[in-house]
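Chain residues, written in single-letter form:
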Amino acid sequence: DHQDRQGITGNPYPGLRPFGIPESHLYFGRGIQVDEVIKKLMDQRFVAILGYSGSGKSSLVRAGLIPTLQNRASEGEWQVLITRPGTSPMANLAEILLGAHTQTNLSVSHTSIIDQLNSSPGALTDIIEKTREKPARKTLLIVDQFEELFHFQANDENQQEVTNFIALLLDTVSRQNAPIHLAITMRSDQIGYSARFDGLTNVINKSNYLIPQMTRDEKSEAIEGPIQASGGLISDKLVDQLLLDLGSTQDQLPVLQHALMRTWDYWMNTREEDEPMDLRHYHAVGGVQEALSLHANEAYEELNSDQKEIAEILFKSLTEKGKDNIGIRR
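Here the residue index of a chain counts from 1 through its sequence in written order. Local features in this predicted model are restricted to residues of pLDDT 70 or higher, and side-chain atom pairs are both shown and tallied only at a pLDDT of 80 or more, whereas totals for entire chains, interfaces and linings draw on every residue. As a rule here, side-chain values cover all heavy atoms of the structure and leave hydrogens and water aside.

Visitor: How should the pattern of salt bridges be read in this particular structure?
Guide: Pairs may arise between side chains of opposite charge once their charged atoms sit close together. Each reported salt bridge corresponds to a side-chain nitrogen of Lys or Arg within 4 Å of a carboxyl oxygen of Asp or Glu. Here the structure, examined in full by the defined rule, presents 16 salt bridges. Between Arg84 and Glu148 there is a salt bridge, and its shortest N-O distance comes to 2.4 Å. With Arg84 in the loop between β2 (78-83) and α3 (89-103) and Glu148 in helix α6 (residues 148-153), this residue pair connects regions lying 64 residues apart in the sequence. Given the relative accessible area of 37%, Arg84 is considered partly exposed. Any residue under 20% of the maximum accessible area for its type is buried, any over 50% is exposed, and the rest in between are partly exposed; the area is computed with a 1.4 Å probe on protein chains only. Looking at Glu148, the relative accessible area reads 13%, which means it is buried. Among the charged side chains, a network of salt bridges with common partners joins Glu77, Arg137 and Lys138. Secondary structure elements follow DSSP: runs of H or I of four or more residues count as helices, runs of E of two or more count as strands, with numbering from the N terminus.

Take a look at the structure:
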């Protein structure tokens, strides 16, 4: 089918970042997994979504779990709250609760919410109940990149905050009648740290979901679905080449998305009439193997000498070594 430039929407591939909630119409290849996660979440009111770095945990939650859950419910039935521990777990949690407070016109400060959260394990449930807007009857609380808690806790000064934070989560899960559901995402190689916390291992053992590798058909869907949804065309040869280059290394999924993002841009700028996204566009940006390096070099060469120095310091600060000498994201 002929597609003119006006009939094609923006770049449908997110690159290295996860898919966001508004991009659910571009999220393909994980339908079965989304259904399985939702079943566990509904059965236990809790699910720990596990997978190695780059396996697509955040995308599964944001572009799969949340929109699917909302689409299957009545309008506005779910209140969704998403937080990340980062370098301030309690403050970050308080911030999303403050946002919910603001929507319900309740006057409260960030500091007072933090004080409440630290005062009692039941405080999180109590605050959520107060901030749930009608017609919402249920709340889905998501703690993305849960393993950041363990690295935050490595500093002795932060141990009490982490203990309090986990106690809040466990309290919401333990209340049988509270309409609060909790999902956490965690890197599977960090799961052992959970055993240090009473109760956390119990809930994870009861309901966890290890993200499986994508099948060849699912990967094809993830490649072709977004371009078709955006009014574009892709050749069968390119799909086959992408699958070949990707191989069985599942942690390459973000790199695949990045290569597709760059290929799309090159295709849009150089394509001939009726020409699908094809091998020539893919090879021009370096393919799965080189697209990221070429893109990074392009960005680096645009910097002046002072900016290059800043970039060097920044990149050297992106990871740090843990006690076991393994590099971890900072």
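From this point, things continue past the structure.
Visitor: It is not clear to me how the side chain of Gln257 should be interpreted in this structure. Could you clarify?
Guide: By secondary structure assignment, the location of Gln257 is in helix α11 (residues 253-270). The criterion used for residue contact is that any of the two residues' heavy atoms lie within 4.5 Å. Residues within four places of Gln257 in sequence aside, it is in contact with Tyr13, Pro14, Gly15, Phe19 and Ala222.

Visitor: Is there a simple way to think about the nonpolar core in this case?
Guide: Note on soluble globular proteins: their nonpolar side chains tend to be buried together. Residues grouped as a nonpolar core are buried Ala, Val, Leu, Ile, Met, Phe, Trp, Tyr and Cys residues, joined through side-chain atoms within 4.5 Å. Formed by 37 residues in total, the largest nonpolar core has its most connected members in Leu93, Leu97, Leu117, Leu124 and Phe146. The biggest single contributor to this core is helix α7 (residues 159-174), with 7 residues. In contact with Leu117, not counting residues within four places along its chain, are Met90, Leu93, Ala94, Leu97, Ala123, Leu124, Ile127 and Leu168. By size, the runner-up hydrophobic cluster in this structure holds 25 residues, among which are Met214, Ile223, Ala259 and Ala291.

Visitor: What exactly am I supposed to notice about the confidence of the model for the protein chain here?
Guide: Regions with low pLDDT should not have their predicted coordinates read in detail. Each residue carries a pLDDT score, the predictor's confidence in it, ranging from 0 to 100. Averaged over every residue, the pLDDT of the protein chain is 91; residues scoring 70 or more account for 95%. At the low end of the mean pLDDT range in the protein chain sits strand β7 (residues 327-329), at 72; at the high end sits strand β5 (residues 208-210), at 98. Within the model, pLDDT remains below 50 along residues 1-6, and this stretch shows 9 contacts once partners closer than five positions in the same chain are excluded.

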